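# Secondary and tertiary structure notes
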Amino acid sequence: MRMNNMLHFTENHRYCVYRDFGLSPVDGKMLGLVYQPMVGAFAISLYRLLADQVPLEQVGYSDVEQQRKLFLTLGLDPSEKGRKFLIEQTSRLEAVGLLQTNRLYVPDSDDYMYEYELQAPLAPAEFFRTQHLTLLLRDKIGKFAVLSLREQLFREEPVAWSGLALNKENITVPFYEIFELNTHSIDYELEQAIAETSMARQPGLKLALEEEEAINYADIILRFPRESKNRAFVEALRFDPEGMGVVNFVARKYELSIQDLCRLLDEDGVFDPGGAILLDALQHIANLQFRQGKRRQEEREVAYGKIVALRGEEPKAVASSSGNVTEEVAVQMEYYVEVPPQFQSKCDIHQYNMMLRNEPYTRLLKTFFPGTIPDNLLDIFEKIDLNYKLPGEVINVLIHYLMSLLTSGGEQRINRNFIDAIAANMLLKQISTYEQAVQYIRDQSKVKEKVKEKAAGSTSSGGRARTYGGRGAKPKPEIPIVERTGAETGVSEEEFAELIKMAERMQSGKHKKEV
């Protein structure tokens, strides 16, 4: 727990505990045998006390209480010494991943509240795969004690089971082979009731936050230059959740590090005179940073490939990710789209539609292109995003529609004019939500199907005249052809003599005309 002013953490401040798991016997053994030697018995007692604030048969939030209750229960003196000791114990729990402390500012009372978010102890297998925790435990109790603890927490496989792992076959039946969901009938009352009674934290959001941590105000202000003229505006973000949401959105969309974000916030024209962030200006310079970083990364990969080729070594893939996770928006089943063939082995229909609804288009393009995204595609969608101002979820549906046209064989290739025409049509029809975009592509698909059916019917009806340049042309008249028959006979001598006389008369008449 980072605390600069001890007056902000007293026994009079209120607190709340959040727990979304239950402690199992294995968790209790991990706390007593593994975590307690690392953080101490008092810290584990504090952890168990916080866990008991939420009823054991439930998960979620506890009642809001004063921290005086914690001090009295733990036997701490509500003085500066007791506060420092409690901060030290919570910091130990935070360091080993058992606790996350959040501070909430209450504008009405101009004071702080504290939220203690408990994390479940790691499973034995996962704990011993975590190097820094294993090394800390070794430093506390020794190497042989660590090995002894590991033997106590794991049961070995039976003797009859050993050596059969190579013959193991996964015969598990997936969900959709047994059950089939009726996605055509939507129960709006059920969805509304679940949404109204749902907790503020969703499990999916919590898992995403474990992968990617949000950039908070402290990370920015520690690295922001003091002499900058935008310093006052950045300091105002401390009590501006909406402004921090905009900053995290841009940072995640364009994969900005904290240092890059501080440099961008120091630029001219990012804040208006009132101190509010200008989203368009920030996105513009962030996009330039993103494209320049992409080109530099490509140059580094080319140079690294040459070095590896010269040395004869195999390259090692290094993956890095940064950004923020905003609150995900659910998609109603009525507006689900089909999963493309290239994604069917990676995710189901629910995960794919959630990705379309919530991911930025830059990240969605990465999923379609495992290597580097082509620059011409980035240019096209950058124009649609920054100039046309289409929302991100609408751009994602447009990308899905284009990729489905390619995979279905409807279009041989996708060019700039074709994409611009679809985007202009969306702007003309004022499509601004995910649901409207899905309905638009469904209508377009129906129109294409009708055109195909009409064309197929016209070609199968045979008797239609040929057309040239879209205009009807008259067919050529049929000329009768004289065919030889077997009944033909030769010319007699009398007929031959008559033909000779006729030829002589015709020749003499032609000669007279010429004279």
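Let me sum up the structure you'll find in this document. (Residues numbered from 1 in each chain as written. Predicted model: local features only at pLDDT ≥ 70, side-chain atom pairs only at ≥ 80, totals over all residues. Heavy atoms only, no water.)

### Some words on the pattern of salt bridges
Scanning the model with the defined rule gives eleven salt bridges in all. Of the charged contacts, one joins Glu 88 and Arg 92 as a salt bridge, the two residues approaching to 3.7 Å between their closest N and O atoms. Of this pair, Glu 88 and Arg 92 both sit in helix H4 (residues 80-95), separated by four residues, roughly a single helical turn. What makes Glu 88 partly exposed here is its relative accessible area of 39%. We note a salt bridge from Asp 280 to Lys 389, for which the minimum N-O separation is 3.1 Å. With Asp 280 in helix H15 (residues 279-311) and Lys 389 in the loop between helix H18 (375-386) and helix H19 (392-408), the pair connects residues that are 109 residues apart, well separated along the chain. For Lys 389, a relative accessible area of 45% gives the class partly exposed. (Salt bridge = Lys/Arg side-chain N within 4 Å of Asp/Glu carboxyl O. Helix = DSSP H or I, 4+ residues; strand = E, 2+ residues; numbered from the N terminus. Buried < 20%, exposed > 50% of the residue type's maximum accessible area, 1.4 Å probe, protein only.)

### Digging into the side chain of Glu 393
In this structure, Glu 393 sits in helix H19. Relative accessible area serves as the criterion here: at 16%, Glu 393 is assigned to the buried category. Setting aside residues up to four positions removed in sequence, Glu 393 forms contacts with Leu 356, Arg 357, Ser 432, Thr 433 and Tyr 434. (Contact = heavy atoms within 4.5 Å.)

### What to know about the packing of H18 against helix H20 (residues 416-428)
Two numbers describe how H18 lies on H20: the axes approach to 11 Å, and their chain directions differ by 20 degrees. With respect to H20, the element H18 is oriented roughly parallel. Between H18 and H20 the crossing geometry is right-handed. In this structure, H18 uses Asn 376, Leu 377, Asp 379, Ile 380, Lys 383 and Ile 384 to contact H20, whose residues at the interface are Arg 416, Ile 419, Asp 420 and Ala 423. (Axes fitted to C-alpha atoms, helices over the stretch in contact; angles between N-to-C directions. Parallel < 35°, antiparallel > 145°, perpendicular 65-115°, else oblique. Left-handed = near helix turned anticlockwise from the far one by under 90°.)

### Describing the pairing of strand S4 (residues 99-106)
Within a regular strand, the side chains alternate between the two sheet faces. Bridging between S4 and strand S5 (residues 111-118) involves eight bridges; their strand directions are antiparallel. The residue bridging Asn 102 from the neighbouring strand is Glu 115, located in S5. Counted between consecutive antiparallel strands, the loop separating S4 from S5 contains four residues, among which Asp 110 sits at a positive phi close to 50 degrees. (Pairing = 2+ DSSP bridges.)

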